[in-house]
Amino acid sequence: MAFSSSALRHGAAFLAAACLALTLGAALAAEPARTAVAVGANQQHKLARDLALPLADGSHVGHRWSRRVGDQHLVQIVVLSDSADPELAALRAHVLRLGGSVHARHPLVNGLTVQVPASQLAALAAHADVASVSPNRAVRGSASLLETDTGASAAKAAVPSNIRVGIYDGNGVITNYSGLDGSGVGIAILDSGVMRGHRSFLSGSGVRRVQRNVNMLNANLANWLVGVDSSLSPAPGSAALAGYEAAIAADNAVTHDAYGHGTHVAAVAAGRGLYQVPDTTGVAPGANVYDVKVLGANGSGSLSDVLEGIAWVVFHAREYNIRVLNLSLAASSSESWQTDPLCLAVRRATAAGITVVVAAGNFGQTAAGAEVYGAISAPGNDPSVITVGSTNAKTTAWRSDDQVNFFSSRGPTRSARTVNSVRVPDNLLKPDLVALGNRTFAAAATSNDPSKPVWNTLAAANPDLVGITGGSQVFGQTLMSLSGTSIAAPTVAGTVALMLQANPGLTPPLIKAILQFTAQVMNNANPLQQGAGLLNADGAVAVAKALRTDIASAIEGGRLVPGASLLASGAVRGLRVEAGRIVADIARNALTVAVITVVAVAMGFRFQNGLLGAVVYFAVPLAVGFGVAWFMVTVAMSADSAESAVGSLNAVLLLLTFFSTGFVKLDDLPGWAQPIASANPVSHIAAAMRSATTAGEPVFGFDAWVSVAWAVGLTVVFGFLATKAYSRSR
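A brief structural summary. (Residues numbered from 1 in each chain as written. Predicted model: local features only at pLDDT ≥ 70, side-chain atom pairs only at ≥ 80, totals over all residues. Heavy atoms only, no water.)

1. A short note on helix H3 (residues 89-97)
In an α-helix, one full turn covers 3.6 residues, which means residues spaced three or four apart are oriented alike. For H3, the complete set of buried residues consists of Leu91, Arg92, His94 and Val95. The arc that holds every buried residue of H3, seen down its axis, measures 160 degrees, which confines them to one face. Considering only its buried residues, H3 is in contact with strand S2 (72-81), strand S3 (101-106), strand S4 (111-117), helix H4 (121-125) and strand S5 (130-135). Gly99, located one to two residues past H3, shows a positive phi value of around 85 degrees. (Buried < 20%, exposed > 50% of the residue type's maximum accessible area, 1.4 Å probe, protein only. Helix = DSSP H or I, 4+ residues; strand = E, 2+ residues; numbered from the N terminus. Arc of directions from axis to C-beta. Contact = heavy atoms within 4.5 Å.)

Okay, structure coming up:
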């Protein structure tokens, strides 16, 4: 499916989302033993709802954060603190006094992953340094709905020619690309791993683009040991940090992606698949990939592991130029984005200059097929991230028949905070936009042993996913087809890499604004289904090119003052969009002349010099108007703002009209104004039009020739200047 190359549209006005109530049921056939957790009113608001309620009604059994060890019921939780002590020493000591353990410290969010007896939760929440307590939730890849492919060519999103064009051999086969491909930009993939040896992650010269593989599962953060403090000091250069980095390094692992989800996601964002048919090239096939493994062989992980993964990306962002972070995963959280640990982590990453792209989730319908609103998962419920829903291209290359997938999670966000014992939902409008995420071909992971490669868990359990017609399915070139918002998210992440290659000075909020501004509204979906609309990579890159390349550094250095222009210097400042609008105004003016003439004819006006006179009557003003249009475009291309361009042009045209013989005779004007009116092109145009329609007058006389000379002169001079200015802006 091709990205649209239509003109940029103005941003759609968002509708206010209605509040949707969700009900919670916990009827069990056999009620398990309950743990009494007495929490005072002052501490109740600190506990996440999906922690407090299961412990109260006994439904905690089966959750990964809850376990009975011997005769003791233990819970693993993530505690956020508002303490000024970066080491959280007092809070860690308090956990140990309560009979618990500290498994990890998360400096990025000023928090801890701890384990305490369930009976001590109230005492923990009562500590002055505790801001919120959340369960160490299970996190899963968001591709919970998989659709098999019958072998028909999938509607992969083709990148527009103004971004990248294919280079063909003598047989008409694409062998390379030229243009934007994300080169130099790092994309971190927090997922189940990325197969380092897959051919999709080689550059055109055969160099591996998976720069690092790290496995956060190797840290063993949640091991149910009691009475220990295994938190680390992340200080640069420390022995603890060096040991930690060595423990999580997985560059030479035998199997990088046992589950298969992360490799596919990475290939959608940055795969280079032109070596075979079908061509499965991703959106940014030149970008570098950083594999941060947080999901295991079954596609699940823990909140604590994901927090560690995000922290690793932030810590290494400048070293590796990681500008984009893709999270095609979700945690079912009841907490507001203001207190949820995962949301806080992605906000800190955004503040560090990393654009975070998140899958909306695949919970848009019930098992019975009923549409569900308010099912956006964490961290997609955070306002700082780009939350992406999924569309179905219907296997066509045009967009008119595209639809939001039924499984794509709808807004608004229903995560909530407690205020005076009352649950207050966030109700944010999400997703932010939608992108292709249905039956998409991309790389399929295997083990790294070419002599006996082993399929990933997804492919082994669903053989139809790898039944690709035309795919070679040999080691290092294996393909499979997946659907879900987890596939739509890397499509956007790859687009962000293209934008950053075109303009490295973009900031995460500006990137999000550009993506939403240029998105194309789908007529068959509402804002809670599609957000701002369908991804338009062509428009997004065009806007990125039109902006200053020093925006991020200017903000960081405090040099960007309120009201300063974000447009690039030179011709771009003249607003090419305004130039197009001015040309449209010229066309409307020509239509106005035609309407006035029709009315005049109805009132008795006649073309007394026949058909030729009528042709000259219309041709003269249109010819000069064409030259004036080039003049207006040139002014617009060099103006500081739309207001100054339009104001200057209106003033010039008003003066030309006033000091002319279009409405009064030359002798009726003041003496000082008569020379101006005589040379004024408007005077010659009016005289030529009168002569062409008056019996006995020359159809094409002196005034007509002067008008043509003005038209040619304006077109040559200002056509050259406008074209030169446009070329500089490219």
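2. So, the environment of Asp550
Inspection of the secondary structure assignment puts Asp550 in the loop between helix H13 (537-546) and helix H14 (551-556). Between the C-alpha atoms of Asp550 and Thr507, which are 43 residues apart in sequence, the distance is 10.0 Å. At 2.9 Å, the side chain of Asp550 forms a polar contact with the side chain of Arg548. (Polar contact = N/O pair within 3.5 Å; in protein donor to acceptor, adjacent residues only side chain to side chain.)

3. Side note on a nonpolar patch on the surface
Together, Phe700, Trp705, Val708, Val712, Val716, Val717, Phe720 and Leu721 make up a nonpolar patch on the protein surface, roughly 750 Å² of accessible area in all. Mapped onto the elements of the fold, Val708 is located in helix H20 (residues 702-729). Judged by relative accessible area, Val708 falls into the partly exposed class, the value being 30%. (Patch = residues over 30% accessible without salt bridge, like charges linked within 9 Å, V, L, I, M, F, W, Y side chains within 5 Å. Areas by Shrake-Rupley, 256 points an atom, 1.4 Å probe, with all protein chains shown as cover. Salt bridge = Lys/Arg side-chain N within 4 Å of Asp/Glu carboxyl O.)

4. Concerning the packing of helix H10 (residues 485-502) against helix H11 (residues 508-518)
Each packed pair of helices is defined by two parameters, the angle between the axes and the distance between the axes. The N-to-C vectors of H10 and H11 enclose an angle of 110 degrees; their axes lie 11 Å apart at closest approach. Judged by the inter-axis angle, H10 sits roughly perpendicular to H11. Along this stretch, H10 crosses H11, giving a crossing that reads as right-handed. Between H10, through Val492, Thr495, Val496, Met499 and Leu500, and H11, the contact on the second element is made entirely by Ile511, Ile514 and Leu515. Along the lines of polarity and charge, the residues of the contact of H10 with H11 split into 7 nonpolar, 1 polar and no charged. (Axes fitted to C-alpha atoms, helices over the stretch in contact; angles between N-to-C directions. Parallel < 35°, antiparallel > 145°, perpendicular 65-115°, else oblique. Left-handed = near helix turned anticlockwise from the far one by under 90°. Nonpolar A, V, L, I, M, F, W, Y, C, P; charged D, E, K, R; others polar.)

5. Remarks on the pairing of strand S18 (residues 416-419)
Sheet topology note: the S18/strand S19 (residues 422-425) ladder contains 4 bridges and is antiparallel. Bridge pairing in S19 places Ala416 opposite Pro425. Between S18 and the antiparallel strand that follows it, S19, lie 2 residues; Asn420 among them carries a positive phi value of about 55 degrees. (Pairing = 2+ DSSP bridges.)

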